[in-house]
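Next come the chains, spelled out residue by residue.
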Amino acid sequence: MKILIKEIMTVLPDQRKKFAVHECNVYIEDDIIKSVIETEKKKDTRAPFSDKTADKVINGKNKLLLPGLINAHTHIYMNFMRCCGDDLAFNDWLFKRIYPIEDKMTDTDAYWGTQLGLLEMIESGTTGFIDMNLNMDPCGEAIRKAGLRGIISRGLVGEGPEDEGAIRRIKETMEAREKYLENDLIEVCMGPHASYSCEEKLQHYIADLAMEYNMKVNVHLSESRKEVEDCKNKYGVSPIALAERTGLFANRTIAAHCVHIDDADLDILAKNKVTVATNPVSNMKLGNGVAPVPKMLKKRINVALGTDGAASNNTLNMFHELSVVTLIHKGVNEEAQCVSAKEGLFMMTMAGAKAMGKEYEIGSVEDGKKADLIILNTDTASFMPRNDYISALAYSCNGSEVETVIVNGRIIMENREVLTLDKERIFFENEKIMNRIIKK
Ligand SMILES: [Zn+2]
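Residues numbered from 1 in each chain as written. Predicted model: local features only at pLDDT ≥ 70, side-chain atom pairs only at ≥ 80, totals over all residues. Heavy atoms only, no water.

**Q** Mind laying out the overall build of the protein, listing which residues take part and the relevant values?
**A** Along its length, the protein carries 15 helices and 17 strands. Against the globule reference of 22 Å for 440 residues, the protein gives a C-alpha radius of gyration of 21 Å, in line with a compact fold. Taking the principal axes of the C-alpha coordinates as reference, the protein spans close to 65 × 45 × 40 Å. Classification of the 440 residues of the protein by burial places 60% in the buried group. Residue pairs in contact within the protein that sit at least 24 positions apart in sequence constitute 72% of those at least 6 positions apart. In the structure as shown, the protein presents an accessible area of about 17900 Å², 48% of it carried by carbon and sulfur atoms. Taken as two groups, the 57 positive and 66 negative side-chain charges of the protein have centres that lie 2 Å from each other. (Helix = DSSP H or I, 4+ residues; strand = E, 2+ residues; numbered from the N terminus. Rg over C-alpha atoms; globule rule 2.2 N^0.38 Å. Buried < 20%, exposed > 50% of the residue type's maximum accessible area, 1.4 Å probe, protein only. Contact = heavy atoms within 4.5 Å. Areas by Shrake-Rupley, 256 points an atom, 1.4 Å probe, with all protein chains shown as cover. Lys, Arg positive; Asp, Glu negative; His and termini not counted. Charge placed at Lys NZ, Arg CZ, Asp CG, Glu CD.)

**Q** So, the nonpolar core: which residues are in play, and what are the values?
**A** In terms of nonpolar packing, the biggest core is built from 107 residues, with Met 81, Leu 118, Met 296 and Leu 393 touching the most fellow members. Considering each element in turn, this core owes the most residues, eight residues, to helix α2 (residues 107-123). Each of two domains, domain 1 (2-67 + 365-418) and domain 2 (69-355), supplies a minimum of three residues to this core. Beyond its immediate stretch of four places on either side in the chain, Met 296 contacts Cys 258, Ile 261, Leu 266, Val 276, Ala 291, Ile 301 and Val 303. (Core = buried A, V, L, I, M, F, W, Y, C linked by side-chain atoms within 4.5 Å. Domains from an automatic or database assignment.)

**Q** Now, about the pattern of salt bridges: what can you tell me, with residues and values included?
**A** Throughout the structure, instances matching the rule amount to 28 salt bridges. Two residues, Lys 96 and Asp 92, come together in a salt bridge whose shortest N-O distance is 3.3 Å. Residue Lys 96 and its partner Asp 92 are located together in helix α1 (residues 90-104), separated by four residues, close to a single helical turn. What makes Lys 96 exposed here is its relative accessible area of 62%. One salt bridge connects Arg 144 with Glu 141, and the closest N-O pair in it is separated by 2.6 Å. Pair noted here: Arg 144 and Glu 141 are both in helix α3 (residues 136-146), with a separation of three residues, about one helical turn. Residue Arg 144 is classed as partly exposed on the basis of its relative accessible area, which comes to 44%. A single network of salt bridges, built from pairs that share partners, joins Arg 154, Arg 168 and Glu 172. (Salt bridge = Lys/Arg side-chain N within 4 Å of Asp/Glu carboxyl O.)

**Q** Kindly report on the domain arrangement of the protein, identifying the contributing residues and their values.
**A** When the domains of the protein are assigned, the result is domain 1 (2-67 + 365-418) and domain 2 (69-355). For domain 1 and domain 2, the distance between their C-alpha centres works out to 29 Å. Contacts between domain 1 and domain 2 engage 29 residues on the former and 28 residues on the latter. For the pairing of domain 1 and domain 2, the buried interface totals around 2400 Å² over both sides, and the portion due to carbon and sulfur atoms is 69%. The largest per-residue losses of area from domain 1 upon contact with domain 2 belong to Phe 19, Ala 394 and Tyr 395, which jointly make up 23% of the total buried on that side. There are one salt bridge connecting domain 1 and domain 2. Across the salt bridge formed by Asp 372 and Arg 149, the nearest N and O atoms sit 2.6 Å from each other. Joining domain 1 to domain 2, the criterion identifies seven residue pairs in polar contact (both at pLDDT 80 or more). (Buried area = accessible area lost by both parts, 1.4 Å probe. Polar contact = N/O pair within 3.5 Å; in protein donor to acceptor, adjacent residues only side chain to side chain.)

**Q** Please give an account of a nonpolar patch on the surface that cites residues and values.
**A** Together, Met 284, Val 290 and Val 332 line one region of the surface with nonpolar side chains, adding up to about 240 Å² of accessible area. If you trace the backbone, Met 284 turns up in helix α9 (residues 280-285). (Patch = residues over 30% accessible without salt bridge, like charges linked within 9 Å, V, L, I, M, F, W, Y side chains within 5 Å.)

**Q** Summarise the packing of α2 against α3; cite the residues concerned and give the values.
**A** Viewed as axis vectors pointing N to C, α2 and α3 meet at an angle of 35 degrees, and their least axial separation amounts to 8 Å. Handedness of the crossing formed by α2 with α3: right-handed. Facing α2, whose interface residues are Asp 107, Ala 110, Tyr 111, Thr 114, Gln 115, Leu 118 and Ile 122, α3 presents Pro 138, Cys 139, Glu 141, Ala 142, Ile 143, Lys 145 and Ala 146. (Axes fitted to C-alpha atoms, helices over the stretch in contact; angles between N-to-C directions. Left-handed = near helix turned anticlockwise from the far one by under 90°.)

**Q** Mind laying out empty space enclosed by the protein, listing which residues take part and the relevant values?
**A** For the structure shown, the criterion picks out one cavity of 30 Å³ or more. The space that makes up the largest cavity amounts to roughly 30 Å³. Mapped by element, the contributors of at least two residues to the lining of the largest cavity are α9 and α11 (318-333). When the residues that make up the lining of the largest cavity are grouped by side-chain class, the tally is five nonpolar, four polar and no charged. (1 Å grid on protein atoms, 1.4 Å probe; cavity = no way out; pocket = protein on both sides within 12 Å on 5 of 7 lines; lining within 4 Å. Points joined across faces, edges and corners; volume = space filled by probe spheres on them. Nonpolar A, V, L, I, M, F, W, Y, C, P; charged D, E, K, R; others polar.)

**Q** Run through the side chain of Ser 195, naming residues and quoting values.
**A** Mapped onto the elements of the fold, Ser 195 is located in the loop between β9 (186-192) and α5 (200-212). Sequence-distant contacts of Ser 195, defined by excluding residues within four places in its chain, comprise Gln 203, His 220, Glu 227, Cys 231, Tyr 235, Pro 239 and Leu 242.

**Q** If you had to explain α1 to someone new, which residues and values would you point to?
**A** Each turn of an α-helix holds 3.6 residues, which means side chains three or four residues apart point in the same direction. The end-to-end C-alpha separation of α1 is 20 Å, in line with the 21 Å expected for 15 residues at 1.5 Å each. The inward-facing, buried residues of α1 abut α15 (423-438). (Expected span 1.5 Å × (residues − 1).)

**Q** Quick one: what's the story with the coordination of the zinc ion, residue by residue and with numbers?
**A** Note on the zinc ion: its protein donors are His 73 (NE2), His 75 (NE2), His 220 (NE2) and Asp 308 (OD). The metal-donor distances range over 2.0 to 2.5 Å. In primary sequence terms, the donor set of the zinc ion follows H-x1-H-x144-H-x87-D. Across this residue pair, the class does not change: His 73 and His 75 are buried. (Donors = N, O, S within 2.8 Å, 3.2 Å for Na, K, Ca; no water.)

**Q** Quick rundown of the layout of surface pockets? Include the residues and the values.
**A** Computed from the structure, the second largest pocket encloses a volume of approximately 350 Å³. Along its surface, the second largest pocket is lined by 24 residues, and Tyr 77, Tyr 99, Glu 102, Leu 134 and His 193 are the ones closest to its centre. Sorting the residues of the lining of the second largest pocket by element identifies α1, β7 (126-133) and β8 (149-156) as the ones contributing at least two each. Top element by residues in the lining of the second largest pocket is α1. It accounts for six residues.

**Q** Just give me the short version of the pairing of β7, but keep the residues and values in it.
**A** Regular strands have side chains that alternate between both faces of the sheet. In terms of burial, β7 is largely enclosed, as eight of its eight residues are buried. As paired strands, β7 and β8 are joined by six bridges and run parallel to one another. When the sheet's bridge partners are listed, Met 132 is paired in β8 with Ser 153. For the crossover from β7 across α3 to β8, the handedness is right-handed. (Pairing = 2+ DSSP bridges. Right-handed = clockwise from strand over helix to strand, strands pointing away.)

Structure (structure tokens):
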């Protein structure tokens, strides 16, 4: 399909990988952005097609075009657990509230929970993500149906290669890898859960497999103070040093949280080119603290932005996360320049693309990249008087401005109607799950 998005204010990357906003004509052919032409600079002589030859023309008046947002750390299936374990300490939340619900969760529950999460992501402009789940088949199927771009992992817990449960979960990972090998949008990676749930021997085993099959690694590291203390007591090193020791950083790795880390940990992350997926809302909500993001940025660590699951956030709305990540470090460091709106936007677009290993394919509005794009309505109270579009994204928008979502050249949401999912059925099924396993 040929789509022309006409005379639209567009967030463009400049040479310093910051952003600029110019009015452009943007042409999409099938899954690719064919050309992005600034209207004030030159006449549209390079245009590959016009109003007449395009299959669809989108009028860009009072709209803003952005690369699709990338949620670098989430557990989409958890959406059915929203608001069911709030205001609890991390260990009580996880062990007393979440794990018992997950014990009762069926494949069907995970399927509908994932659909609810995907619906929320689309409505707030997310086109790509890195997910960890417990049920690869139903979660993968929901993602395929929704049409988003994702890297999915089965949470891997256990003791070592002699642990039958651990081997079964790894087998589920490898079967899913096989299933999606030819899929354009879904990739499978290894998901060692955390140092407290995935022991050293198992980390080694997973790292070897990740290397052998060229798979990325998605892991939680140093989320809570207790996790770091327990790891040091058990293994003599921090969770980050342990992950380096077991080989988890040998391939491309996304480490979620990294809240309680010291300078040595920062050096390990930088040296191994690990992407940190920072989740400021979840870290605050579970009382875990604030990650040293400004220090990470100084060390040139790739810092991407994630929401974590809806049981600990409680939303997958990346605009909410952007607002928090651009405010909290200013407050904590008493430094107003800390994590600017542009840096925050970079985290959830280009840094997210790099986390997914797709920095040359997605993450910016540029010729030749995949057409993962979102269009926002700027004729809203939250944008007016349109002094600075990028500041508005961070400090005054809420995600409801997202009108159109395009993934891989396919329109997934148009005029706020999600075209790939059945909203009423999703709401119905999620309320049913809640009544069965949460309210009881
Ligand atoms: Zn997580």
